[in-house]
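Survey of secondary and tertiary structure
Given next are the chains, with one letter for each unit.
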Amino acid sequence: MPPARPRTTPRNPYTRLFAIPGATAFTLGNLLARLPMGMFSVSAVIMISGARGSYALAGAVTATGLATTAVVAPWTARLVDRHGQARVAVPATAIAALGSLSLLLCVRYGAPDWTLFASYAATATTPNTGGMSRARWAYLLKGDAPAVHTANSFEQAADELCFMLGPVLAAFLCGALFPQAGTLIGVVLLLTGVLVFAAQRATEPPPQGRTHSSEDARSPLRARGMPALLVGFLATGAVFGSLEVVTIAYADERGHKAAAGVILALQAAGSCAAGLVYGAVKPRGPLVRRHLLCGAAMATLMTLPLLAVTLTGSLTALSGALLVAGMATAPTMVTGMTLVQHRTPEGRLNEGMTLAVTGLLGGIACGAAGGGWAVERLEPAAGYWVPVAAACLALLLSSAQACATSTPRRRTAPPPASSEA
């Protein structure tokens, strides 16, 4: 049974969340574990390129790790659903930590290149701590849709905050201390955070074990509307990946490459703030319609960076445009994750949300490649067409899955017995 909720209901929806016994403790552990997710890839690139003198090798190693994660992460999440968060997350994190430490040692002592790929691939067992945290909220707040909406909004804001601070912290540690510092401290934070998170057993959803029910055994990929929804996450990830590469290239062309990090941080800050505000507002209307409206807002606002660089060519104008454009991404992600929770079969929630995150990461990689191609073949300013196209594709996919799931079931129902007579 989940912990009892307080009898008095605070007016602030976020205060309501953390009034639940144990919620603050597992959230702190989760934030510690989630921060390194934005540190490891940047730290690996700095560490490998500095020791081997090759950005191509560094990029290939991190891309291999991403591809391996796309395969391994859903299986890890399935084990979490089946056997419990603490029982699976701790050993999975230990394996991932050993992979990171192996990478550090292989780079430090000049091991062959293939050892870098093998070491970084081992980090794919890192559990999706954001998904596990969302699963805890869904368990603790079952039947309270407005509170689940607020919890999902908070988690999305936490994602934005960690991915905004992680690369900055990694770059600072690697530059101020030594090239391996970002990876080393990231490992410490990851292990500490997962141990604190896993120790909060009172708020952990009960493991489902092996089930032979046809509904429970059904893969989330086979749930109605899920394939189009997951491809939509892929397109949304392409928005993020392309924005990052194109913005860095554009700032470099203007002679202010160092400003790219600050400009991108503004985009993440806009998304983080919008996520918190969105979570404080009581949701209205059907969830599918809200997802469509948020997707339409994202597609519209993603035209602002393109207009800023086309009409003004100013980095200041671009910063403001990205700040505003970022305000549509968090609500889109929040409604998308809530749809995933609704459509994932009972007992497979961690797996369903990990599939969504995997789609998002794959989209980031595709978007980065597409943005890089546009910058090199065309020009940096023209590269901002890529996030616009990706956002429009996400909207189209959202419309498709809305149509697929809103078709009345009565159309496929057999006719009444009287009509057959």
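Residues numbered from 1 in each chain as written. Predicted model: local features only at pLDDT ≥ 70, side-chain atom pairs only at ≥ 80, totals over all residues. Heavy atoms only, no water.

We now examine the pattern of salt bridges. Any two side chains of opposite charge can pair if their charged atoms end up close together. If you walk through the whole model with that rule in mind, you get four salt bridges. With its nearest N and O atoms 3.0 Å apart, the salt bridge here joins arginine 16 to aspartate 144. With arginine 16 in helix α1 (residues 13–18) and aspartate 144 in the loop between α7 (129–140) and α8 (145–176), this residue pair connects regions lying 128 residues apart in the sequence. The exposure class of arginine 16 is partly exposed, given its relative accessible area of 29%. Glutamate 204 is the salt-bridge partner of arginine 201, the closest N and O atoms lying 3.0 Å from each other. Judged by its relative accessible area of 54%, arginine 201 is exposed. (Salt bridge = Lys/Arg side-chain N within 4 Å of Asp/Glu carboxyl O. Helix = DSSP H or I, 4+ residues; strand = E, 2+ residues; numbered from the N terminus. Buried < 20%, exposed > 50% of the residue type's maximum accessible area, 1.4 Å probe, protein only.)

What follows deals with the environment of leucine 35. Here leucine 35 lies in the loop between α2 (23–34) and α3 (40–52). We classify leucine 35 as buried; its relative accessible area is 18%. Ignoring any residue separated from it by four or fewer positions in sequence, one finds leucine 35 in contact with Cys162, Leu165, Gly166, Leu169 and Leu189. (Contact = heavy atoms within 4.5 Å.)

Okay, a nonpolar patch on the surface next. A contiguous nonpolar patch, built from Leu98, Leu101, Leu177, Phe178 and Leu184 and spanning about 440 Å² of accessible area, is present on the exposed surface. By the element assignment, leucine 177 lies in the loop between α8 and α9 (181–199). (Patch = residues over 30% accessible without salt bridge, like charges linked within 9 Å, V, L, I, M, F, W, Y side chains within 5 Å. Areas by Shrake-Rupley, 256 points an atom, 1.4 Å probe, with all protein chains shown as cover.)

Another point: the confidence of the model for the protein chain. When pLDDT is low, close inspection of the predicted coordinates is not appropriate. Of the residues in the protein chain, 90% reach a pLDDT of 70 or more, and the chain-wide mean stands at 81. Helix α14 (residues 303–311) holds the highest mean pLDDT among the elements of the protein chain, 92, whereas helix α19 (residues 417–420) holds the lowest, 41. (pLDDT = per-residue confidence, 0-100.)

What follows deals with the packing of α8 against helix α16 (residues 329–343). At a closest axis distance of 9 Å, the pairing of α8 and α16 adopts a crossing angle of 125°. Between α8 and α16, the angle is such that the two are oblique. The handedness of the crossing between α8 and α16 comes out as right-handed. Only Thr329, Ala330, Met333, Val334, Thr338 and Gln341 of α16 make contact with α8, whose side of the interface consists of Val148, His149, Asn152, Ser153, Gln156 and Glu160. For the contact of α8 with α16, the class distribution of residues is four nonpolar, seven polar and one charged. (Axes fitted to C-alpha atoms, helices over the stretch in contact; angles between N-to-C directions. Parallel < 35°, antiparallel > 145°, perpendicular 65-115°, else oblique. Left-handed = near helix turned anticlockwise from the far one by under 90°. Nonpolar A, V, L, I, M, F, W, Y, C, P; charged D, E, K, R; others polar.)

This paragraph deals with the nonpolar core. Core analysis: the largest hydrophobic core is formed by 45 residues, its most contacted members being Phe233, Val239, Tyr250, Met302, Leu318, Val340 and Tyr384. At the level of secondary structure, the elements contributing two or more residues to this core comprise α11 (226–253), α12 (260–280), α13 (287–301), α14, α15 (315–325), α16, α17 (349–377) and α18 (385–406). Counting residues per element, this core draws most heavily on α11, which supplies 13 residues. Excluding anything up to four places from it in sequence, valine 239 contacts Met302, Pro387, Ala390 and Ala391. Counting residues in each nonpolar core, the second largest holds 37 residues, with Ala89, Leu104, Val194 and Phe197 among its members. (Core = buried A, V, L, I, M, F, W, Y, C linked by side-chain atoms within 4.5 Å.)

The subject of this paragraph is the side chain of serine 271. Looking at the element boundaries, serine 271 is found in helix α12. Residue serine 271 is classed as buried on the basis of its relative accessible area of 0%. A distance of 2.8 Å separates the side chain of serine 271 from the side chain of threonine 329, its partner in a polar contact. Contact partners of serine 271, with chain neighbours within four places excluded, come to Glu160, Gly326, Met327, Thr329 and Ala330. (Polar contact = N/O pair within 3.5 Å; in protein donor to acceptor, adjacent residues only side chain to side chain.)

Let us look at the environment of glutamine 267. With respect to the helices and strands, glutamine 267 occurs in helix α12. When the C-alpha positions of glutamine 267 and alanine 325 are compared, they lie 7.0 Å apart, and in sequence the two are 58 residues distant. Here glutamine 267 is in contact with Leu243, Leu322, Leu323, Gly326 and Thr329, once residues within four sequence places are set aside.

Once that is clear, we can look at the packing of aromatic side chains. Each pair of aromatic rings is reported with the distance of its centres and the angle of its planes. Applying the stated criterion across every chain, the model contains five aromatic pairs. Each member of the aromatic cluster is reached from another via a ring pair, and the members are Phe18, Phe26, Trp137, Phe154 and Phe197. Seen from the ring of tryptophan 75, arginine 78 lies directly overhead, with NZ or CZ sitting 4.6 Å from the centre. (Phe/Tyr/Trp six-rings, centres within 6.5 Å; stacked < 30°, edge-to-face > 60°. Lys NZ or Arg CZ within 6 Å of the ring centre and 35° of its normal.)

Between the first and last C-alpha of α9 there are 27 Å, a value that for 19 residues agrees with the 27 Å anticipated at 1.5 Å per step. Within α9, the full set of buried residues consists of Ala181, Gly182, Thr183, Gly186, Val187, Leu189, Leu190, Gly193, Val194, Phe197 and Ala198. Where α9 is buried, its residues meet α2, α3, α5 (85–108), α7 and α8. (Expected span 1.5 Å × (residues − 1).)

Right, let's get into the side chain of threonine 358. Within the secondary structure, threonine 358 sits in helix α17. Classification of threonine 358 by relative accessible area gives buried; the value is 15%. With residues up to four places along the chain from it excluded, the contact list for threonine 358 reads Ala70, Ala73 and Pro74.

The next subject is the packing of α11 against α16. Across the interface, α11 lies against α16 with an axial gap of 11 Å and an inter-helix angle of 155°. Overall, the two elements α11 and α16 adopt an arrangement that is roughly antiparallel. Seen from above, α11 lies across α16 with left-handed handedness. Of the residues in α16, those in contact with Met226, Leu229, Phe233, Thr236 and Phe240 of α11 are Thr329, Met333, Gly336, Met337, Leu339, Val340 and Arg343.

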